Amino acid sequence: MNRTFTAGRLAEIAGVTRDHISQLENDGVLAPARGERNQRLFTADDVSRVLDLTGRRVRKGISVVNQKGGVGKTTTVFNLAGALVLEGRRVLAVDLDAQASLTVSFGLDPSSYARTSHDLLTDDNTSAADVIAATGVDGLDIIPADIRLASADVLLREMIMRERILSTKLEKIADRYDVILFDCPPNLSTITINALVASTEAVVPMETQFYSIKAVDDLTRTFNLLAARMNHHLAVWMLPTKIDLRIKLTKEFLIGMEANFKDRMLTSIRTDANLAKAPMVKEPAVFSFPASRGSRDYRRIARELLAPVRAASEPA
Ligand SMILES: Nc1ncnc2c1ncn2[C@@H]1O[C@H](COP(=O)(O)OP(=O)(O)OP(=O)(O)O)[C@@H](O)[C@H]1O
Ligand SMILES: [Mg+2]
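Computed from a prediction, not measured in an experiment: that's the story for all the values here. (Residues numbered from 1 in each chain as written. Chains lettered and ligands numbered in written order. Predicted model: local features only at pLDDT ≥ 70, side-chain atom pairs only at ≥ 80, totals over all residues.)

## A short note on the overall build of the chain
Here's step 1: Regarding its fold elements, the chain presents 15 helices and ten strands.
Here's step 2: Here the C-alpha radius of gyration of the chain, 20 Å, is about what a compact globule of 316 residues would show, namely 20 Å.
Here's step 3: Per-residue burial over the chain gives 41% buried out of 316 residues.
Here's step 4: If you take every contact in the chain between residues at least 6 apart in sequence, the share linking residues at least 24 apart comes to 74%. (Helix = DSSP H or I, 4+ residues; strand = E, 2+ residues; numbered from the N terminus. Rg over C-alpha atoms; globule rule 2.2 N^0.38 Å. Buried ≥ 20, exposed ≤ 12 C-beta atoms within 10 Å, placed from the backbone. Contact = placed C-beta atoms within 7 Å.)

## Digging into the sheet that holds strand β6 (residues 133–134)
Here's step 1: The strand order across the open sheet formed by seven strands is β6-β7-β5-β8-β4-β9-β10, and the pairing between neighbours is mixed. Strand pairing shows two members of the sheet lacking a second neighbour, β6 and β10 (235–241), which therefore form its edges.
Here's step 2: Bridge count for strand β4 (residues 60–64) against strand β8 (residues 179–183) is five bridges, and the pairing is parallel. When the sheet's bridge partners are listed, I62 is paired in β8 with L181. (Pairing = 2+ DSSP bridges.)

## Regarding the pairing of β10
Here's step 1: Within β10, five of the seven residues are buried, leaving the element largely enclosed by the surrounding structure.
Here's step 2: Each parallel crossover has a hand, and for strand β9 (residues 201–207) linked through helix α11 (residues 212–230) to β10 it is right-handed. (Right-handed = clockwise from strand over helix to strand, strands pointing away.)

## Thoughts on the domain arrangement of the chain
Here's step 1: Here the domain parsing of the chain yields domain 1 (4–51) and domain 2 (59–306).
Here's step 2: Once you take the C-alpha centre of each, domain 1 and domain 2 turn out to be 31 Å apart.
Here's step 3: The interface is formed by four residues belonging to domain 1 together with four residues belonging to domain 2.
Here's step 4: The class makeup of the residues in the side of domain 1 that touches domain 2 is four nonpolar, no polar and no charged. (Domains from an automatic or database assignment. Nonpolar A, V, L, I, M, F, W, Y, C, P; charged D, E, K, R; others polar.)

## So, helix α4 (residues 73–86)
Note that an α-helix has 3.6 residues per turn; residues three or four places apart therefore point the same way.
Here's step 1: For α4, with 14 residues, the first-to-last C-alpha span of 20 Å sits near the 20 Å given by 1.5 Å per residue.
Here's step 2: In terms of burial, α4 is largely enclosed, as 14 of its 14 residues are buried.
Here's step 3: A positive backbone phi angle near 80° is found at G88, which sits one or two residues after α4. (Expected span 1.5 Å × (residues − 1).)

## Some details on the site of ligand 1
Here's step 1: Neighbouring ligand 1 are 18 residues, the closest being K73, T74, T75, P186 and A276.
Here's step 2: The set of elements that each furnish at least two residues to the shell around ligand 1 consists of α4 and α13 (273–277).
Here's step 3: With three residues, α4 is the single largest residue contributor to the shell around ligand 1.
Here's step 4: Here the shell around ligand 1 is built from residues that sort into five nonpolar, nine polar and four charged. (Near = placed C-beta within 6 Å.)

## Some words on α11
Here's step 1: If you check α11, its first and last C-alpha atoms are 27 Å apart, about what 19 residues at 1.5 Å a residue would give, namely 27 Å.
Here's step 2: All of the buried residues along α11 are S212, A215 and L219. Seen end-on, α11 carries its buried residues on one side only, within an arc spanning 65°. Away from its buried face by more than 90 degrees, α11 exposes K214, D217, T220, R221, N224, A228 and R229.
Here's step 3: Residues of α11 that are buried in the fold lie against β9.
Here's step 4: N231 sits one or two positions beyond α11 and adopts a positive phi of about 55°. (Arc of directions from axis to C-beta.)

## A look at the packing of α4 against helix α15 (residues 293–306)
Here's step 1: Viewed as axis vectors pointing N to C, α4 and α15 meet at an angle of 65°, and their least axial separation amounts to 8 Å. Here α15 runs roughly perpendicular to α4, going by the angle between their axes. Here the hand of the crossing between α4 and α15 comes out right-handed. Taking contact as the criterion, the partners of N79, L80, A83, L84 and L86 in α4 are, on α15, G294, Y298, R299, I301 and A302.
Here's step 2: Here the contact of α4 with α15 is composed, by residue class, of seven nonpolar, two polar and one charged. (Axes fitted to C-alpha atoms, helices over the stretch in contact; angles between N-to-C directions. Parallel < 35°, antiparallel > 145°, perpendicular 65-115°, else oblique. Left-handed = near helix turned anticlockwise from the far one by under 90°.)

Structure representation (structure tokens):
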């Protein structure tokens, strides 16, 4: 089913007034269908058109990365991808973990694909278009992973320009998507570096435990190396996950993080069993449990990531 947007939502997403939308209809730029109550219904194509006209289209590559396991990387890609679709954006989610949890979350069978992200990374003759698959969610595509990816790092070591393989191949299809999200494996392998090089931003999910800090330190060193050696500068966002504010230590940890990372912090994702359940119903929680805490949290960070970057001199 094609997702539709009301005039109010379209205006909100594009950051224009409803009058502006009506004007575009009068000019013949937009021709909405009518809903059951005769309301105007716009498509994701209309959203794209208005974003282009208002110069508000963003193109982002976002690595969801942390070499620490189980912090919520896959959960974040799964639900953020859905939340971005609800903001009218076209999204590509790239599964870069041999466990293929993201692929499986969408109800897809990793072994059913002739070629996956493994081939994209290790075979010169596989293009991005060869490995893009549908997820069942309109406006959201995936590059699936499979278990062979576990051996890709060894193969990559032999390849020239090995850090740039993903970015070079994805460039060819970049104009099809507003946001490309990378679900990174829990290590700092060449695969992870490939995702970072193909990204403009990094989102670092982290649990509020003392030993999370060590992982973030190591990761920061990797970001600094990319800047120093490849002149590749990422906007980095910290994302506290599995937050329960009733726990005193969690509150203290968050206060410490906010003092440290300031405006590089996204709003926290609270603990919510619906987020753990969503892969079982094969759909991001933003669709299957839209009113849940987790869905609302992921929709909020989708808007935070899409917000136009303010110049330092602009008032808040
Ligand atoms: N906000 C949350 N509330 C409740 N459970 C969560 C939340 N975020 C993640 N989880 C659960 O925590 C577990 C680990 O999450 P997830 O698989 O997303 O982490 P990961 O960082 O991708 O792990 P890995 O490093 O193994 O790839 C999963 O069972 C997931 O359902
Ligand atoms: Mg994962």
